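Listed here are the chains, written in short residue letters.
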Amino acid sequence: MKTRAAVLHALDKQAPFAQSQPLRIEEIELDAPGEGEVLIKMTAAGLCHSDLSVMTGVRPRPVPMALGHEASGTVVQTGAGVGDLKPGDHVVLVFVPSCGHCMPCMEGRPALCEPGAQANGNGSLLSGERRLHLHGHDIHHHMGISAFAEYAVVSRRSCVKIGQDIDPVESALFGCAVLTGVGAVVNTAKVQAGQTVAVLGLGGVGLCAMLGAIASGAAQIIAIDVHDSKLEVAISLGATAVINAHDADAVDRVKALTKGGVDFAFEMAGMVQAMEMAYRMTRRGGTTITASLPHPQHHWPLQQVSLVTEERTVKGSYIGSCVPARDIPRYIDLYLAGKLPVNQLMGERLKLDDINRGFDRLDAGTSLRDLIVF
Ligand code: ZN
Ligand code: ZN
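Description of the structure in this document. (Residues numbered from 1 in each chain as written. Chains lettered and ligands numbered in written order. Predicted model: local features only at pLDDT ≥ 70, side-chain atom pairs only at ≥ 80, totals over all residues. Heavy atoms only, no water.)

**Description of the overall build of the chain**
Each helix and strand counted, the chain has 12 helices and 18 strands in total. For 374 residues, the compact-globule formula gives about 21 Å, and the C-alpha radius of gyration of the chain, at 20 Å, lands near that figure. Reported as C-alpha extents along the three principal axes, the dimensions of the chain are approximately 60 × 45 × 40 Å. For the chain, buried positions account for 54% of its 374 residues. Carbon and sulfur atoms provide 50% of the accessible area of the chain, an area that totals close to 15100 Å². If you average the places of the 32 positive and of the 38 negative side-chain charges in the chain, the two averages end up 4 Å apart. (Helix = DSSP H or I, 4+ residues; strand = E, 2+ residues; numbered from the N terminus. Rg over C-alpha atoms; globule rule 2.2 N^0.38 Å. Buried < 20%, exposed > 50% of the residue type's maximum accessible area, 1.4 Å probe, protein only. Areas by Shrake-Rupley, 256 points an atom, 1.4 Å probe, with all protein chains shown as cover. Lys, Arg positive; Asp, Glu negative; His and termini not counted. Charge placed at Lys NZ, Arg CZ, Asp CG, Glu CD.)

Shown next as C-alpha cells:
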C-alpha cells in the first residue's frame with residue numbers, strides 16, 4: 001500500500017526548517033506486516049528533541065529515514081504469529097523494541113534490549129527488515145516506528161495495547177515524554193515522599209519528570225530553564241520554585257532553598273553545562289540523573305574525588321528505565337485519576353504538511369509538546 005510520510009534525506013539542513021525543509025512529505029510504498037509485525041494507522045505523533053537531533057546530525061542515523069518515534073495509533077492488520085492484538089485495538093508505540101531473550105530483557109530491563117538497540121542503529125525493524133520503499137530503494141525506520149506517517153508497519157514488540165478510555169491523541173505523549181520523564185523519577189531515581197528534586201530543562205520530558213516528582217510526593221520541586229515562559233508553565237503545574245538557568249546564583253539559590261542541595265537533580269536539557277549545574281546543586285549523598293541526549297562528542301569533566309568523599313551517585317536513565325507494558329498503562333491510570341495531568345503539556349496540533357514549521361517551534365525552545373494529528 002501507499003502512505004504519506006515525512007522523510008529525511010540529508011543530515012545537513014539547519015534552521016529555520018520552514019525554509020530548509022529537511023523533512024519532505026513523500027508518498028512511499030509500505031509492505032504488508034511480516035511475521036511478528038503489525039500495520040498501524042497513526043492517530044498522533046509528538047515532535048521530540050530526539051527527532052530534531054537526527055535532523056541536525058547530533059544523533060547521526062542512516063538516511064533516507066522516515067522520522068517520528070512518539071506516537072499512538074490503531075491496529076489495522078496483524079502479521080503471522082501475532083495472537084494478542086486485533087484490528088481496532090489502540091496502542092502506544094515504544095521506540096525501543098524488546099526481544100524478550102537478551103540479557104537486559106531477561107533482567108527486566110527491556111529499555112536496554114541489545115537486538116532492539118542494534119535494529120534502531122541500523123534503521124530497521126526488530127526483524128532486520130525494512131518495510132518502507134521509495135522509487136525502489138529502502139527507506140530506514142526511525143526507532144522501529146517512523147511515526148510521522150499515516151500508516152506504519154512495526155514490530156509487535158514496539159506496541160503496548162491501551163484501553164479506549166483515554167483520548168487517543170493525548171495517549172501519544174505516553175510513548176516518549178511521559179515514559180522517559182516520569183520513569184526517570186519513579187524507576188531510575190525512585191524518589192520518595194518528602195524528598196527534594198530539581199529538574200533542569202523543561203521540554204516535554206523535563207515537565208513530565210516534574211509531574212512525576214509531584215505524583216511521588218516530593219516536598220520541593222525546583223524547575224529550571226533558560227526560558228521564563230517555561231518557568232511560568234512549571235509554576236502552573238505545581239513547581240514549588242522556579243529559577244532561570246542564566247541567573248549567576250542559580251546553584252546557590254537551590255542550595256539555600258534545600259539546606260545544601262536537592263536529593264535528586266535531573267538533567268533534561270542535553271547540555272554539559274546543565275549536567276555540571278545539576279551535579280553542583282545535588283546534596284552530599286544525593287543522586288544526579290541525566291535522561292537527555294547530548295552530542296556524542298561532548299564530555300563532562302567530573303571532579304572524581306567528590307563521588308567518594310560526598311558519596312554521590314550519577315545515573316543515566318534511558319526511556320525512564322521502563323518496562324513499557326507495565327508502565328504505560330500505569331501512567332495512563334494515574335493520568336485518568338487526575339494525578340499526572342500530562343494533557344497540560346499539549347501544544348499545537350499540526351498537520352503532517354506543517355512538520356518543518358513545527359520543528360522550528362521546538363528548536364526555539366518555547367513551545368509545549370506539539371503533535372501531528374492524522
Ligand atoms: Zn522522544
Ligand atoms: Zn532484548
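**Some points on the packing of helix α6 (residues 204-215) against helix α7 (residues 228-237)**
Where α6 meets α7, the axes come as close as 11 Å, and the angle between the chain directions of the two elements is 25 degrees. One finds that α6 runs roughly parallel with respect to α7. Once α6 is placed against α7, the crossing between them reads as right-handed. Across the interface between the two elements, L207, M210, L211 and I214 from α6 touch V233, A234 and L237 from α7. In the contact of α6 with α7, the residues fall into seven nonpolar, no polar and no charged. (Axes fitted to C-alpha atoms, helices over the stretch in contact; angles between N-to-C directions. Parallel < 35°, antiparallel > 145°, perpendicular 65-115°, else oblique. Left-handed = near helix turned anticlockwise from the far one by under 90°. Contact = heavy atoms within 4.5 Å. Nonpolar A, V, L, I, M, F, W, Y, C, P; charged D, E, K, R; others polar.)

**Topic: the pairing of strand β9 (residues 151-155)**
Here is the key point about a regular strand: its side chains alternate between the two faces of the sheet. With four of its five residues buried, β9 lies for the most part within the structure. By the bridge criterion, five bridges tie strand β3 (residues 37-46) to β9 in an arrangement that is antiparallel. Considered in β9, the bridge of I40 is made with A152. (Pairing = 2+ DSSP bridges.)

**With respect to the coordination of the zinc ion (ligand 1)**
Distances from the zinc ion (ligand 1) to its protein donors, C48 (SG), H69 (NE2) and C176 (SG), fall within 2.0 to 2.2 Å. Between consecutive donors of the zinc ion (ligand 1), the numbers of intervening residues give the motif C-x20-H-x106-C. Note that H69 is positioned in the loop between β4 (65-66) and β5 (71-78) and C176 in the loop between β10 (159-162) and α5 (177-189), a separation of 107 residues in sequence. For the pair formed by H69 and C176, the shared burial category is buried. (Donors = N, O, S within 2.8 Å, 3.2 Å for Na, K, Ca; no water.)

**A look at the packing of α5 against α6**
Viewed as axis vectors pointing N to C, α5 and α6 meet at an angle of 45 degrees, and their least axial separation amounts to 7 Å. Relative to α6, the element α5 is oriented oblique. Classified by chirality, the crossing of α6 by α5 is right-handed. Taken together, the residues of α6 that come into contact with α5 (itself represented by A177, V178, T180, G181, V182 and V185) are G204, V205, C208, A209, G212 and A213. Among the residues forming the contact of α5 with α6, the class breakdown is eight nonpolar, four polar and no charged.

**With respect to the sheet that holds strand β11 (residues 196-200)**
Pairing is parallel in the open sheet, where six strands are placed in the order β13-β12-β11-β14-β15-β16. Looking at which strands have only one partner, the edges of the open sheet turn out to be β13 (241-244) and β16 (313-316). Each neighbouring strand pair of the sheet contributes to a mean axis angle of 20 degrees, computed without reference to strand direction. Pairing between β11 and strand β12 (residues 220-225): five bridges, direction parallel. Across the sheet, residue V197 finds its bridge partner in β12, namely I221. Relative to the sheet, α7 contacts β12 and β13, its axis offset from that of β13 by approximately 175 degrees. Across the sheet, helix α8 (residues 250-257) is in contact with β12, β13 and β14 (262-267); its angle to β13 comes to roughly 165 degrees.

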